[in-house]
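Report on the structure
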Amino acid sequence: YLLDEEATQQGMLDAFQTLVSSGASGDVLVMQYAGHGTQLRDDDGDESDRFDEAFVPVDYHAGALFLRDDVVATTLRGLAR
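Okay, so let's go over this structure. (Residues numbered from 1 in each chain as written. Predicted model: local features only at pLDDT ≥ 70, side-chain atom pairs only at ≥ 80, totals over all residues. Heavy atoms only, no water.)

1. Focus on helix 1 (residues 9-22)
Taking 1.5 Å of rise per residue, 14 residues should cover 20 Å, and helix 1 covers 20 Å from first to last C-alpha, within 8% of that figure. Taken together, the buried positions of helix 1 are Q9, G11, M12, L13, F16 and V20. (Helix = DSSP H or I, 4+ residues; strand = E, 2+ residues; numbered from the N terminus. Expected span 1.5 Å × (residues − 1). Buried < 20%, exposed > 50% of the residue type's maximum accessible area, 1.4 Å probe, protein only.)

2. Things to note about the pattern of salt bridges
Scanning the model with the defined rule gives two salt bridges in all. Between R68 and D52 there is a salt bridge, and its shortest N-O distance comes to 2.7 Å. Of this pair, R68 sits in strand 3 (residues 67-68) while D52 is found in strand 2 (residues 51-56), placing the two residues 16 residues apart along the sequence. A single salt-bridge network, built from bridges that share partners, covers D43, D52 and R68. (Salt bridge = Lys/Arg side-chain N within 4 Å of Asp/Glu carboxyl O.)

3. Here we look at the packing of helix 1 against helix 2 (residues 69-76)
For the pair helix 1 and helix 2, interaxial distance at closest approach is 10 Å and the crossing angle is 30°. By the angle between their directions, the pair helix 1 and helix 2 is classed as roughly parallel. Crossing angle aside, the handedness with which helix 1 passes helix 2 is right-handed. From helix 1, L13, F16, Q17 and V20 reach across to helix 2, where they touch V71, V72, T75 and L76. By residue class, the composition of the contact of helix 1 with helix 2 is six nonpolar, two polar and no charged. (Axes fitted to C-alpha atoms, helices over the stretch in contact; angles between N-to-C directions. Parallel < 35°, antiparallel > 145°, perpendicular 65-115°, else oblique. Left-handed = near helix turned anticlockwise from the far one by under 90°. Contact = heavy atoms within 4.5 Å. Nonpolar A, V, L, I, M, F, W, Y, C, P; charged D, E, K, R; others polar.)

Structure representation (structure tokens):
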């Protein structure tokens, strides 16, 4: 669980990577997100609508990066088959 000020960009990324790496073949992993999301201009040309979707971490106002769908997709590649 990440609550309130724990939901920083790095905290969210670490928790997501921990969840993905904890799974074994045949497991069902679930992530629930109760926070803000946003759309940002696609920065690598892989989106047909020209926008990336992103989670908004608690520290975004301090210059932290949004957690873009591209980062989530890269993390998901670490899932066990």
